[in-house]
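What the coordinates show
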Amino acid sequence: MNLRSVSFCLALVAAVTLAGCGGGGHSGSTIPGGGGSGPTPGPSSTYSPGVLGFASAGGGHGGGQCPAGSASWGCPSVYALSSDPTGIQVKRVDPTNQDAGVDVTLTTPANDPLPDSSTNLQYQFASNSAAGTFNVAVQQIHDGPHQVYYNRNEDSTGTVDASQLQAIVRTAQSTLATTAVSHATSQLRRLPFKAATAVNASDRVYVRFNAASLRSAGRSVADAVRALGTTGTELPTTNSDPLAVVAVPSGMTAQAYAQQLQSQAGVAAVFPVRKRYALSRTETLPNDPTFTIPNQWYLYTDGFPYAWSYTQGSSATIAVIDTGVDLTNTDLSQNVVFSEQVLNGVKTSTEIDEDGHGTNVAGIADAAVGNGTAFGINSTNINFAGGGYNAKLIAIRIFSAPNDPSGEGALGSDEAIAIGDAVAHNADVINLSLGGEESFSDSGTATNWNGGYDEGEYEAVEAAISAGTTVVAAAGNNRDGQDGGDGLQHNNLDYPAAYAGVIAVGASQLNDNNTGTYSTSTESVAPYSQSGVGLALVAPGGDALNDPSSGNPDLLHWIWNYYSTAASPSTGGQACTYGQGSLPTAPENCTALFNGTSQATPQVSAAAALLIAAAGGHHALQPAQVAQILEDTADNINDPNQGHGRLNVYRAVASLVGDTGAIATGPQATTHSATQAIAFAYDNSGSNRPTILDYDYPIGVPISSTGTFRIADVRPGDASSYKVGVWYDANGNGIVDAGDSFGASSATCTTTTACQIGTIRLQPVSGGFTLP
């Protein structure tokens, strides 16, 4: 991706602090009305198979659709805050300071309608514990009521014995033999993207029309748009009230027009249109470097050669919505079944890539194979393999040229149109190596004007998932502690990766000590790859900052694949120089070095396509099934920022078809961490399926990188006494069984006093296990 104003790649990982990650949430009661009473009792949480929360979505129980006919700027979530005892102060804060000015202090019980769409927000309950405030992270995506609870009476801290960390490694890592291939070609460098503020479109807004009003007036959405005196396009949505993107009249700001529209009859809500940006920046490298290392190490690491022995993906379709795809590249164009350009709401059939980012992403996801030797590389022409092998490709451009005077980035509304068109043309997987981060871009009084959430994008994504299309998005390239150039630190997922149901992808890297030797490399999550609530898994993305040489780069630090022949300085890109020496000047020779979560994402999209093809083709698997298989079969690279692990498509497809012989792939892991285990309170001793009592963390409390955890969210109405356990569910089946690791405190805890949990040792589980 191009490293422009806002990120296109998103990366999310398991949170490393107890307070930084919440549970998934069961369907709690609706928000209480009147005087702000606390949440009504809800059911206890029985662990569900395959949903172990290494990086679980958080933010309390509940959640639902915006009420029909809402006339607010968006539809903010409302959080019911309660505690034992009552009267505890709770502060809503943004720990990354991207949402300055929203901090507010309340006293329990209270109802708090969040005014913003940030994914960074936390509720911090005042505590008497030496561990400090009890924090619950929330993810605000306009999805209705939630509940958050804190029990100060029982607030207790426990520890996992760090000496037992090795016991929770999923499986022994194996080293892969590789074939050294030497090439000479010119290459372009892509650096991890640089963040910038989220930007709103100035010439269009989303308008939600009231369906009942339309029916009573006998009007269509197009009629309603014309009645507003403007032009627009209806967008895909699962909401009963239709959504359209409409043009802002000349001479008006988008916010002013939004406020005007809110008073119009039949208008239910108005939302801003966000811009999305590609995520990497070019830097020229000298011509003619020769490398004797695996050029596509990333596909070896993921296990694609093994997965291809089960399926070649021909019955699945991947849609790449990006900067376009170079259709003069026959290695890509032979797979394309539909292409178009959507710019400023206008569709054209002519689609070119003046940036190179989309071509690179498409090449990783779905370049043709079978061009000669392993991975389609031969001595006379550089042809890359794509992970999707023979999957069909949909190419949709939503980005203008890099130097377009109308501004950088892509409109969320164009993205929404593209998503709808991809679904209409039978896309099984939509790849979004793009994103917009959480930060302020402009001022105004309209609620929800600022932030990265985009209503049209969200509803189109939701509609795609509802239609059975798997959506995969990049997590972002600005992890907390990294300043991407805008002075902000980041630890949350970018949108659209942050939306529920999207498979959010982070990036891993190799550390070869600059030897260029793959077989002795170690693997960890790249330092730029964003982490936070919701990350699914990581895939190889490389790390250019780990490359010490500017003249002869180490390919193990990069993702090498295609670039576009249409990119040039005249369009704001970088010209592609063809192969050198005896290599031909064919389009397939136009290549570049990239790195980022943009490059990791199409590997996961390709894996999803192979799964769908292996299951029988179009719509053979639902998006939730695809996500669960990929997460359950990921390799544990023992990094607290890995989500469920690093993609292992070999094991994923083998699991689907019932072949239990698949092994771990890729280099050895760099570190070991306890964060792939969970802590939890339970009261069903004698069972092998825990009933988790934690209210804010119903699929388990995350454990910090130092091994500490905290139990402070068991409600007296759910249990009077309980035990505390720590569990690593190695096979993700929701049952404590052979191959897992488990430990429990000897103490019996109550909901009325602090508990002496102590240090818990994890032990391997054998057959016939029951909870102590």
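What this report covers is the structure whose coordinates are included nearby. Computed from a predicted structure; not experimentally measured. (Residues numbered from 1 in each chain as written. Predicted model: local features only at pLDDT ≥ 70, side-chain atom pairs only at ≥ 80, totals over all residues. Heavy atoms only, no water.)

**Quick notes on the overall build of the chain**
- For the chain, the count of helices and strands is 12 helices and 40 strands.
- For the chain, buried positions account for 63% of its 772 residues.
- Long-range contacts, defined as pairs at least 24 residues apart, comprise 80% of the intrachain contacts of the chain with a sequence gap of at least 6.
- For the chain, the exposed surface amounts to about 23,500 Å²; the carbon and sulfur share of it is 50%. (Helix = DSSP H or I, 4+ residues; strand = E, 2+ residues; numbered from the N terminus. Buried < 20%, exposed > 50% of the residue type's maximum accessible area, 1.4 Å probe, protein only. Contact = heavy atoms within 4.5 Å. Areas by Shrake-Rupley, 256 points an atom, 1.4 Å probe, with all protein chains shown as cover.)

**Section: the packing of aromatic side chains**
- Evaluated as defined, the whole model comprises 17 aromatic pairs.
- Between F134 and Y150 the ring centres are 5.1 Å apart and the planes differ by 15°, which places this aromatic pair in the stacked class. Of this pair, F134 sits in strand 8 (residues 134-137) while Y150 sits in strand 9 (residues 145-151), and the two are 16 residues apart along the sequence. An identical accessibility class is assigned to F134 and Y150; each is buried.
- Here the aromatic residues F680, Y682, W727, F742 and F769 are joined through ring pairs into a cluster of three or more. (Phe/Tyr/Trp six-rings, centres within 6.5 Å; stacked < 30°, edge-to-face > 60°.)

**Quick notes on the sheet that holds strand 39 (residues 758-760)**
- The mixed open sheet is built from three strands, whose spatial order is 35-10-39. Two strands lie at the open edges of the sheet, namely strand 35 (708-711) and strand 39, each paired on one side alone. The sheet shows a mean angle of 35° between the axes of neighbouring strands, taken without regard to direction.
- Relative to strand 39, strand 10 (residues 156-160) runs parallel, the two sharing three bridges. Bridge pairing in strand 39 places V160 opposite I760. (Pairing = 2+ DSSP bridges. Axes fitted to C-alpha atoms, helices over the stretch in contact; angles between N-to-C directions.)

**Some words on helix 11 (residues 623-632)**
- Within the sequence span of helix 11, burial applies to P623, V626, A627, I629, L630 and E631.
- On its buried face, helix 11 sits against helix 9 (455-466), strand 25 (470-474), strand 26 (503-511), strand 28 (535-540), helix 10 (597-615) and helix 12 (649-657).

**Looking at helix 8 (residues 412-424)**
- Relative to the 18 Å expected for 13 residues at 1.5 Å per residue, helix 8 spans 18 Å between its end C-alpha atoms, a close match to the ideal helical length.
- Burial analysis of helix 8 places 11 of its 13 residues in the buried class, the great majority of the element.
- Regarding helix 8, the residues found buried are G412, S413, D414, E415, A416, I417, A418, I419, G420, D421 and A422.
- Positive backbone phi, approximately 70°, marks N426, located one or two places after helix 8. (Expected span 1.5 Å × (residues − 1).)

**Describing the nonpolar core**
- F304, I503, V604, L630 and L647 are the most contacted members of the largest nonpolar core, which totals 62 residues.
- Sorting elements by how many residues they give to this core places helix 10 first, with 10 residues.
- Setting aside residues up to four positions removed in sequence, L630 forms contacts with I503, L537, V604, A607, L611, L647 and A652.
- In this structure, V245, L411, A422 and I430 belong to the second largest nonpolar core, which totals 48 residues. (Core = buried A, V, L, I, M, F, W, Y, C linked by side-chain atoms within 4.5 Å.)

**Observations concerning the pattern of salt bridges**
- Applying the stated criterion across every chain yields a total of 12 salt bridges.
- Across the salt bridge formed by K347 and D421, the nearest N and O atoms sit 2.9 Å from each other. Within this pair, whereas K347 is found in strand 21 (residues 346-348), its partner D421 is found in helix 8, the two being separated by 74 residues in sequence.
- By relative accessible area, K347 is classed as partly exposed at 46%.
- The partner of D635 in a salt bridge is R651, with the nearest N and O atoms 2.6 Å apart. Taken together, the residues D635 in the loop between helix 11 and helix 12 and R651 in helix 12 connect sequence positions 16 residues apart. As far as burial versus exposure is concerned, D635 and R651 are alike and both buried.
- Linked by salt bridges that have partners in common, E523, D635, R646 and R651 make up one network. (Salt bridge = Lys/Arg side-chain N within 4 Å of Asp/Glu carboxyl O.)

**A few points about the sheet that holds strand 4 (residues 89-93)**
- The strand order 5-4-7-8 describes an open sheet built from four strands, whose pairing is antiparallel. In this open sheet, the two edge strands, each paired with only one partner strand, are strand 5 (104-107) and strand 8. Here the average twist between neighbouring strands, direction ignored, is 25°.
- Of the pairings in the sheet, the one linking strand 4 to strand 7 (residues 122-125) comprises four bridges and is antiparallel in character. The residue bridging V90 from the neighbouring strand is F125, located in strand 7.

**Looking at the pairing of strand 8**
- In strand 8, alternate side chains face the same way, and those of F134 and V136 on one face and N135 and A137 on the other are all buried.
- The pairing of strand 7 with strand 8 spans four bridges and is classified as antiparallel. Bridge assignment links Y123 to a residue of strand 8, and that residue is V136.

**Concerning the packing of helix 8 against helix 9**
- Running from amino to carboxyl end, helix 8 crosses helix 9 at an angle of 15°, the nearest separation of the two axes being 8 Å. Between helix 8 and helix 9, the angle falls in the class roughly parallel. Taken as a pair, helix 8 and helix 9 cross one another with a handedness that is left-handed. Of the residues in helix 9, those in contact with G412, E415, A416, I419 and V423 of helix 8 are G456, E457, A460, V461 and A464.
- Across the contact of helix 8 with helix 9, the residue classes tally to six nonpolar, two polar and two charged. (Parallel < 35°, antiparallel > 145°, perpendicular 65-115°, else oblique. Left-handed = near helix turned anticlockwise from the far one by under 90°. Nonpolar A, V, L, I, M, F, W, Y, C, P; charged D, E, K, R; others polar.)

**Observations regarding the pairing of strand 6 (residues 110-113)**
- The alternating pattern of strand 6 places A110 and D112 on a buried face, while none of N111 and P113, on the opposite face, is buried.
- Across four bridges, strand 3 (residues 78-84) lies against strand 6 in antiparallel orientation. Residue pairing for strand 6: V78 is matched across the bridge by P113.

**Description of the environment of C749**
- Within the secondary structure, C749 is located in strand 38 (residues 749-750).
- In this structure, the C-alpha to C-alpha distance between C749 and K723, residues 26 residues apart in sequence, is 6.0 Å.
- Other than its neighbours up to four places away in sequence, C749 contacts S720, S721, Y722, V724, C755 and I757.

**Overview of the environment of Y518**
- Tracing the backbone shows Y518 in the loop between strand 26 and strand 27 (522-525).
- Overall, Y518 belongs to the buried group, its relative accessible area being 3%.
- Taking C-alpha positions, Y518 is 7.5 Å from P667, a pair spaced 149 residues apart along the chain.
- Side-chain polar atoms of Y518 contact the side chain of T301, separated by 2.7 Å. (Polar contact = N/O pair within 3.5 Å; in protein donor to acceptor, adjacent residues only side chain to side chain.)

**A closer look at the side chain of R208**
- Structurally, R208 is set in strand 13 (residues 200-209).
- Judged by its relative accessible area of 6%, R208 is buried.
- What R208 contacts, discounting residues up to four positions off in sequence, is T237, N239, D241, P242, L243, G266, V267, A268, A269, F271, E455 and E459.

**Examining unusual backbone geometry**
- With an omega of -5°, the peptide bond running from D84 to P85 counts as cis.
- On the secondary structure map, P85 appears in the loop between strand 3 and strand 4.
- Each neighbour pair has its own omega, and for T108 with P109 the value is -5°, a cis peptide bond.
- Inspection of the secondary structure assignment puts P109 in the loop between strand 5 and strand 6.

**So, the packing of helix 10 against helix 12**
- At a closest axis distance of 10 Å, the pairing of helix 10 and helix 12 adopts a crossing angle of 20°. Our classification of the angle between helix 10 and helix 12 gives roughly parallel. With respect to the hand of their crossing, helix 10 and helix 12 are arranged in right-handed fashion. Every residue of helix 12 that contacts helix 10 at A607, L610, L611, A614 and A615 is listed here: V649, A652, V653, L656 and V657.
- Here the residues of the contact of helix 10 with helix 12 sort into 10 nonpolar, no polar and no charged.

It is worth stressing that arrangement in space is one thing and function is another; only the former is reported here.
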